[in-house]
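Fold and contact review
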Amino acid sequence: MKLLNGIAASPGIVIGKALVLDSEDISIQQKTIKESSIPKEITRLQDALTMTRAEIMGIRDKISHEIGQEHGDIFNAHLMVLEDRVIIEEVMERIKKEKFSAEYIFSQVLKKYIQSFLKIDDEYLRERVSDISDVGRRVIRHLVGDQRSSLTDLKEKVIVVAYDLSPSDTAVMNRKNVIGFATDIGGRTSHTAIMAKSLEIPAVVGLEKATHTIKTGDLIILDGSAGTIILNPGAAELSKYRQEQLRYSDFNKGLKRFKDLPCITKDGRRLELAANIELPSETDSVLSHGADGIGLYRSEFLYMNRVGLPSEEDQYQAYKTVVLAMAPKPVIVRTFDLGGDKFLSHLEMPHEMNPFLGWRAIRFCLATPDIFKVQLRAILRASAHGKLRLMYPMISGVGEVRQANKLLEEARNELRAKRIHFDPKMEIGAMIEIPSAALTCDILASEVDFFSIGTNDLIQYALAVDRINEKIAYLYEPAHPAVLRLLKMIIDTGHSKKIWVGICGEMSGDPLLTPVLVGLGIDEISTSPVMVPEIKKIVRSMTFTEAEDIAKHALTFNTGDEVIHFLKTKYQQGLRLSAGKK
Ligand code: PEP
Ligand code: MG
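From a predicted model like this one, the values you see are computed outputs, not experimental measurements.

This part covers the packing of aromatic side chains. Going through the model one piece at a time under the given rule, you end up with seven aromatic pairs. Ring geometry for Trp359 versus Phe364: centroids 4.7 Å apart, planes at 70°, classification edge-to-face. Taken together, Tyr303, Phe336, Trp359 and Phe364 form an aromatic cluster joined through their ring pairs. The ring of Phe544 carries Arg269 above its face, with NZ or CZ at 4.5 Å from the centroid. Looking at Arg381, its charged tip hangs above the ring of Tyr316, at a distance of 4.0 Å from the centre.

Structure below.
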């Protein structure tokens, strides 16, 4: 038995066999060939490339049909890797020169590219690495004739253990047989973790050495709520965790009765409890969990994993689908936030030393107004079909809001000229996720209709803690006094300027912190759909006055640990302890 500690990324407990995906998958034995066999070897390589191409196209079509086109489009990026002439030509040259088998040379070339990409500390290249190794594994499988099962056609239930998971891995994983996943890298707010929650697959990230410690076939217990893995558990652990599983599933069943109830405190303060989504197909989950609307639609996922940018029509259709599915409930579309840990394989974005501080989100949009206005027009057009709100990410000062609003006005005029309908009263919001925006939110409030606090970024910038770096994850403290003071300041200022204030970072789904958010006067909470029932239950279990007292008290402590200790005590005294927290 061995305990591995990581970061809790997506709640739930699963017990099962591990399937470890790592670079071992592409280590092939060295085999020499005769000079006369070179043409045959090259033909074998070409056949394998053709078969891989057909295989990927088949998967793309299957996934598009079964889960949605946005998932299927991921595989277009894979097809591009397959057509990379630099790699293919190097393999052919080396087969001729070194006289080793095609699979051996191919695996060597692949490793060389992957290793040199990995040495560069750059998220964009890391995304390319997972595309390259994904495609590479398929080519080698065709070369060696190994029909090893891949993530798409698993025959039994497994817990996937990987260094990291690409969006394509997670898309294919949305199937019955992947019951959990664990990764070496990543933090609670990395997009891998956010995706796991959307798919409702229990997950632990930031385990550092899981792929070295765990072997395929090992029995593991994954506790996505506590952020732990137990490797080769004994009978005692197995029985303890089976009971925990039952308790968790009973707890979730109990939450079902909250689905159609309003999110209101005992003394009548009503909050809007919304959900975060990445893809239009998630609206079913938002509705089935009883959310009041969508508080954050991360529109950049429409741009990712595809060849070329989405057209105005593509985007309009996606936003319209979401708005119609949710109507009459409100939907907030966040204009696209690329950069940070979300990159496009096809759009030339420079490689930056500090991508989270770099050319990201609204900065990129304002520098490329032609790309940005396509999105603005699509959002405006969709606003004619329901209650749509728009918000800008990564605002650092009022100048950016003014520039963005100017482009929005241009987009409105372009539509007016073509007599295309939109909602002229659509609310416009600013995400408050940079300390400079928090400190000047009195100025920002005059330019927008609402604020949505993006704590994932606000915490990383206020505390100077990279949100996806597992080594410093212990410093990433949502309950840090600096964070609580910032929240209070933003909410109080928003209210004094007569605008409403919401929160949409992952902190909004932490049941321990809900009383503080409510007590600080937050008007809207937007969280992963799966967390909606539990947060609603907590809000309904207290009075606003109680929550105000808790928030006031929480602000008197010197450290985040003291705040957490205080909140845990409060829960033990009266508020019901959530199933997820130990
Ligand atoms: C945030 O920063 O809190 C947020 C909600 O946006 P993202 O996680 O997409 O950066
Ligand atoms: Mg953010």
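Still more to cover.
This part is about the packing of helix α18 (residues 455–463) against helix α19 (residues 481–496). For the pair α18 and α19, interaxial distance at closest approach is 10 Å and the crossing angle is 125°. Relative to α19, α18 is oriented oblique. The two elements α18 and α19 cross, and the hand of that crossing is right-handed. Between α18 and α19, the contacting residues are Thr455, Leu458, Ile459, Ala462 and Leu463 on the first element and Ala482, Val483, Leu486, Leu487 and Ile490 on the second. Split into classes, the residues belonging to the contact of α18 with α19 amount to nine nonpolar, one polar and no charged.

This brings us to the site of ligand 1. Close to ligand 1 lie 15 residues; Arg298, Arg334, Glu433, Asn456 and Arg467 are nearest. With respect to ligand 1, the backbone of Asn456 contributes an N or O atom lying 2.7 Å from an oxygen atom. Between an oxygen atom of ligand 1 and a side-chain N or O atom of Arg467, the distance comes to 2.7 Å. Here ligand 1 loses 100% of its free accessible area of 290 Å² to cover by the protein chains. At the level of secondary structure, the elements contributing two or more residues to the shell around ligand 1 comprise β10 (294–298) and α18. For the shell around ligand 1, the leading source of residues is α18, giving three residues.

Counting 105 residues, the largest nonpolar core has Tyr297, Phe372, Tyr392, Phe451, Ile453, Met507 and Ile522 as the members making the most contacts within it. Looking at this core, the element that brings in the most residues is helix α15 (residues 398–417), giving seven residues. Judged by nonpolar contacts, the second largest core, of 34 residues, contains Ile42, Phe100, Val109 and Leu143.

Summarising the metal site, the magnesium ion (ligand 2) is bound by the protein donors Glu433 (OE) and Asp457 (OD), whose distances to it range over 2.0 to 2.1 Å. Remark: Asp457 occurs in helix α18 and Glu433 occurs in the loop between β13 (427–432) and α16 (435–439); sequence separation between them is 24 residues. Relative accessible area serves as the criterion here: at 2%, Asp457 is assigned to the buried category.

Here we take up the domain arrangement of the protein. Domains assigned within the protein are domain 1 (2–22 + 151–252), domain 2 (35–144) and domain 3 (259–428 + 501–573). A C-alpha centroid distance of 37 Å is found between domain 2 and domain 3.

A few words now on the side chain of Thr283. For Thr283, the location among the structural elements is in helix α11 (residues 283–288). Residues contacting Thr283, with those up to four places away along its chain left out, are Ile294, Val322, Ala325 and Met326.

Applying the stated rule across the entire model yields 35 salt bridges. As a salt-bridge pair, Asp337 and Arg334 come within 3.7 Å of each other at their nearest N and O atoms. Accessibility assignment for this pair places Asp337 and Arg334 in one class, buried. Through salt bridges with shared partners, a single ionic network connects Glu312, Glu313, Lys373, Arg377, Arg381, Lys406, Glu410 and Glu414.

Let us now look at the state of the cysteines. This structure, assessed with the given rule, holds zero disulfides. Just so you know, Cys365 is unpaired, no disulfide at all, and the nearest cysteine sulfur is the one on Cys504, 16 Å from it. Relative accessible area serves as the criterion here: at 0%, Cys365 is assigned to the buried category. No disulfide involves Cys441; its nearest neighbouring cysteine sulfur is the one of Cys504, lying 15 Å away.

This part covers the environment of Met531. Mapped onto the elements of the fold, Met531 is located in the loop between β16 (524–527) and α21 (532–540). Classification of Met531 by relative accessible area gives buried; the value is 9%. Distance from Met531 to His289, taken between C-alpha atoms, is 8.3 Å for residues 242 residues apart in sequence.

Here we have eight strands laid out as an open sheet, ordered β1-β8-β7-β3-β4-β5-β6-β2, and mixed in their pairing. A single partner strand is all that each edge strand has here, and the edge strands are β1 (2–5) and β2 (7–10). Looking at each pair of strands side by side, their axes are set apart by 30° on average, direction ignored. By the bridge criterion, five bridges tie strand β3 (residues 13–21) to strand β7 (residues 219–223) in an arrangement that is antiparallel. Counterpart to Lys17 in the pairing with β7 is Leu219. Its contacts with the sheet put helix α8 (residues 191–199) on β2, β5 (178–183) and β6 (203–205), and the angle it makes with β2 is roughly 45°. Lying over the sheet, helix α10 (residues 235–255) contacts β3, β7 and β8 (228–231), oriented at roughly 115° with respect to β3.

Definitions and cut-offs
Residues numbered from 1 in each chain as written. Chains lettered and ligands numbered in written order. Predicted model: local features only at pLDDT ≥ 70, side-chain atom pairs only at ≥ 80, totals over all residues. Heavy atoms only, no water. Phe/Tyr/Trp six-rings, centres within 6.5 Å; stacked < 30°, edge-to-face > 60°. Lys NZ or Arg CZ within 6 Å of the ring centre and 35° of its normal. Axes fitted to C-alpha atoms, helices over the stretch in contact; angles between N-to-C directions. Helix = DSSP H or I, 4+ residues; strand = E, 2+ residues; numbered from the N terminus. Parallel < 35°, antiparallel > 145°, perpendicular 65-115°, else oblique. Left-handed = near helix turned anticlockwise from the far one by under 90°. Contact = heavy atoms within 4.5 Å. Nonpolar A, V, L, I, M, F, W, Y, C, P; charged D, E, K, R; others polar. Near = heavy atom within 4 Å. Polar contact = N/O pair within 3.5 Å; in protein donor to acceptor, adjacent residues only side chain to side chain. Areas by Shrake-Rupley, 256 points an atom, 1.4 Å probe, with all protein chains shown as cover. Core = buried A, V, L, I, M, F, W, Y, C linked by side-chain atoms within 4.5 Å. Buried < 20%, exposed > 50% of the residue type's maximum accessible area, 1.4 Å probe, protein only. Donors = N, O, S within 2.8 Å, 3.2 Å for Na, K, Ca; no water. Domains from an automatic or database assignment. Salt bridge = Lys/Arg side-chain N within 4 Å of Asp/Glu carboxyl O. Disulfide = S-S within 2.5 Å. Pairing = 2+ DSSP bridges.

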